[in-house]
Amino acid sequence: MNIKEYKSYDKMCKHVSEQIKYAINFNFMSEYFTLGLATGSTPIGVYTHMVTDGWDTSKVYTYNLDEYADLPYNHPQSYEYFMEEHLFAYKQFRKSHFPTEANYRNYDIMIRRFPIDIQILGIGTNGHIAFNEPGTPRDSLTRKVKLTQNTIQYNSRFFGDDVNEVPTHAYTMGIESIMRAKQIYLLANGKHKKDILEKACYGDITSDIPASYLQEHKAVDVLYCD
Ligand code: PGA
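The structure presented is a predicted model; accordingly, all values stated were derived computationally and were not measured. (Residues numbered from 1 in each chain as written. Predicted model: local features only at pLDDT ≥ 70, side-chain atom pairs only at ≥ 80, totals over all residues. Heavy atoms only, no water.)

Caption draft 1: The arrangement of the site of the ligand in detail. The full set of residues close to the ligand is Gly 40, Ser 41, Thr 42, Gly 122, Ile 123, Gly 124, His 128, Tyr 154, Arg 157 and Lys 193. In the environment of the ligand, an oxygen atom lies 2.8 Å from a nitrogen or oxygen atom belonging to the side chain of His 128. In the environment of the ligand, an oxygen atom lies 2.6 Å from a nitrogen or oxygen atom belonging to the side chain of Lys 193. A total of 280 Å² of accessible area belongs to the ligand in isolation, and the protein chains cover 90% of it. In the shell around the ligand, the residues fall into 2 nonpolar, 6 polar and 2 charged. (Near = heavy atom within 4 Å. Polar contact = N/O pair within 3.5 Å; in protein donor to acceptor, adjacent residues only side chain to side chain. Areas by Shrake-Rupley, 256 points an atom, 1.4 Å probe, with all protein chains shown as cover. Nonpolar A, V, L, I, M, F, W, Y, C, P; charged D, E, K, R; others polar.)

Caption draft 2: Seen up close, the packing of aromatic side chains. Enumeration over the complete set of coordinates arrives at 11 aromatic pairs. A centroid spacing of 6.1 Å and a plane angle of 15 degrees characterise the contact between Tyr 79 and Phe 131, whose relative ring orientation is stacked. Linking Tyr 79 in helix α3 (residues 79-88) with Phe 131 in the loop between β6 (118-121) and β7 (143-146), this pair joins segments that are 52 residues apart in sequence. In terms of burial, Tyr 79 and Phe 131 fall into one category: buried. Seen in terms of ring centroids, Phe 88 and Phe 93 are 5.4 Å apart; in terms of plane orientation they differ by 65 degrees. Their pairing is edge-to-face. Taken as a pair, Phe 88 and Phe 93 share a single burial class, namely buried. Taken together, the ring pairs connect Tyr 68, Tyr 79, Phe 131 and Phe 159 into an aromatic cluster. Positioned above the aromatic ring of Trp 55 is the side chain of Lys 91, whose terminal nitrogen or guanidinium carbon lies 5.9 Å from the ring centre. Over the face of the ring belonging to Tyr 154 we find Arg 157, whose NZ or CZ atom lies 4.1 Å from the ring centre. (Phe/Tyr/Trp six-rings, centres within 6.5 Å; stacked < 30°, edge-to-face > 60°. Helix = DSSP H or I, 4+ residues; strand = E, 2+ residues; numbered from the N terminus. Buried < 20%, exposed > 50% of the residue type's maximum accessible area, 1.4 Å probe, protein only. Lys NZ or Arg CZ within 6 Å of the ring centre and 35° of its normal.)

Caption draft 3: Structural detail: the sheet that holds β7. What the 3 strands build is an open sheet, ordered β4-β8-β7; its pairing is antiparallel. Each edge of the open sheet carries a strand with a single partner, namely β4 (66-68) and β7. The average angle at which neighbouring strand axes cross in this sheet is 30 degrees, direction not considered. As judged from the 4 bridges shared by β7 and strand β8 (residues 169-172), these two strands associate in the antiparallel manner. Along β8, the bridge assignment pairs Lys 146 with His 169. (Pairing = 2+ DSSP bridges. Axes fitted to C-alpha atoms, helices over the stretch in contact; angles between N-to-C directions.)

Caption draft 4: Region of interest: the pairing of strand β2 (residues 33-37). Most of β2 is tucked away, with 5 of its 5 residues classed as buried. By the bridge criterion, 5 bridges tie β2 to strand β3 (residues 60-64) in an arrangement that is parallel. Among the inter-strand pairings, Leu 35 is bridged to a residue of β3, identified as Thr 62. Here β2 runs beside β6; their pairing, made up of 2 bridges, is parallel.

Here it is, written out as structure tokens:
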């Protein structure tokens, strides 16, 4: 995996949005296209471009990587709310999925029916992808997880800087389904991500840094800007 550095966040996000658009157009003969979506601050610019660059998403199925447990879907910090705010309110998708208490046991089976063509990923400062925290095995499936203190602390900025407001658990797509995506874009924005990104790309493949499993994937583009 080679890290491609971008001069600006906007250019990095525009590139990913365009790649998705090309892939959808290229697959115009197939009945559907499947996008794996991420939340967090990093992919917001990609969604902004997807909205403003105007293209048809009506045959696109989406699978989000994760969702907090014990937050109602219309809570402003739920990931469903996030997607509505940044993308779904503006773009019509065929069907959108989130891992929840009701469906997480079937999530991997659902994904196998509509395999993910492109997966967007962020990376946590502890090396997590989705909520696959350090220690997650390579063959992990979609499941309910306990969030680490590092992640709770990092995400508390969205909860009025109060760690007690951050949910302690979440549902996350496992490494197994992420690795099945045909193409992956791993994005990182900011100097605070550089060190972990280098370890994930060039260091040992280890469960201590779940993002390092991506070294075994054949089609990962790693994009960074500071
Ligand atoms: P961020 O989160 O995009 O808000 O930095 C990324 C992540 O934790 O996966």
